[in-house]
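Close look at the chain arrangement
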Amino acid sequence: MDKLSVPLQDVDVGIIYETCVNSYRDEKKKKRLFGYKEEIEEEAKKYKGSVSEILKNCKTSYDEHRKEIASVYTDKFAKSSFIKGYMYYSSIKNNVYKNRCPICEIGMPETLDHYLPKEKYPLLSITPANLVPQCFHCNHSKHSYAGDTLEKMLPHPYFDDLSKEVWLKATLLFDEGIVATYSNGYKGTDMLFTSRTSLLLAEYQLCELYGIHAASYLSGHIGSWKMILAEAGEPQLKAHLEREKKNTEISNVNGWEAALNRALNVQFSELVSFLEAK
């Protein structure tokens, strides 16, 4: 997961809300919606610090009246035909690293996800810090998931940095081909870190996604590894794989490619046996 900066920090959520609500033609609806502006601004102020603080301070506020607030996101904020609101949406969607989804780090950011779902937290439906760029795979996989304890809260790209520990693990299975499976390989004592990173893998179905991409990577490299082994020997192949491991870890220590290259180095003897038998 990529660590991102909180988007639109210099823009007041009240201004964003006003911009969207003012475009409604129904004056009664506008009056009703403006009645929630102060609550929306106050709730946005609580959304800061850490996921623990957010969970503690931001309460579910759903009722039959407040659900109308969430429609502002769909009707105005995320609607490309309403340029004044959509410019905020686009700005948040583009607040990513290398134009990739910050969750899986594979797909392109194609939509915004409500970290705390707008169905339960309508007052946060257009709060920028609650909106996370995602690809369709990750957005569909998470759906409207929301934990009720810190252990069940997904890591947040704006408030959690998962790169401080090496935790993503790949394991290689050798048969007719090579299959890579992914899991949480964190070996530290922080049980909260373990539970939340495991939740990340499970809710976004990342192990399956990484396995698919690893299969393509492996099938595309077996031929060149065989050639290096045959022409230069084990030491050169080992050196080659160590360089690949180093390069991918520099790019992203917990990326699927870095985990895969760690596995290739750890299981090097099995790899050599496999290549010699091909």
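Each remark here, short or long, concerns the structure printed above.
Now for a description of the structure that goes with this document.

The rules we used
Residues numbered from 1 in each chain as written. Predicted model: local features only at pLDDT ≥ 70, side-chain atom pairs only at ≥ 80, totals over all residues. Heavy atoms only, no water. Pairing = 2+ DSSP bridges. Helix = DSSP H or I, 4+ residues; strand = E, 2+ residues; numbered from the N terminus. Buried < 20%, exposed > 50% of the residue type's maximum accessible area, 1.4 Å probe, protein only. Polar contact = N/O pair within 3.5 Å; in protein donor to acceptor, adjacent residues only side chain to side chain. Core = buried A, V, L, I, M, F, W, Y, C linked by side-chain atoms within 4.5 Å. Contact = heavy atoms within 4.5 Å.

Here's the deal with the pairing of strand β3 (residues 168-174)
- Bridge count between β3 and strand β4 (residues 178-184): seven bridges; the pairing is antiparallel. Of the residues in β4, the one forming a bridge with Leu-173 is Val-179.

Remarks on the environment of Ser-251
- Assignment of secondary structure puts Ser-251 in helix α10 (residues 234-251).
- The exposure class assigned to Ser-251 is partly exposed, which follows from its relative accessible area of 39%.
- Spatially, the C-alpha atoms of Ser-251 and Trp-225 are 22 Å apart, while their sequence positions differ by 26 residues.

Observations concerning unusual backbone geometry
- With a phi close to 50°, Leu-8 is a non-glycine residue in the positive phi region.
- Tracing the sequence through the fold places Leu-8 in the segment before α1 (13-21).
- Under the relative-accessibility criterion, Leu-8 is labelled buried at 17%.

Concerning the side chain of Ser-125
- Within the fold, Ser-125 resides in the loop between β1 (111-114) and β2 (131-134).
- Ser-125 sits in the buried class, given a relative accessible area of 1%.
- At 2.8 Å, the side chain of Ser-125 forms a polar contact with the backbone oxygen of Pro-122.

Some points on the nonpolar core
- Core analysis: the largest hydrophobic core is formed by 80 residues, its most contacted members being Phe-77, Tyr-182, Trp-225 and Leu-260.
- For this core, the element with the most residues is helix α9 (residues 206-232), which contributes nine residues.
- Apart from the residues lying within four places of it in its own chain, the contact partners of Leu-260 are Ala-170, Leu-172, Ala-180, Tyr-182, Ala-214, Tyr-217 and Leu-218.

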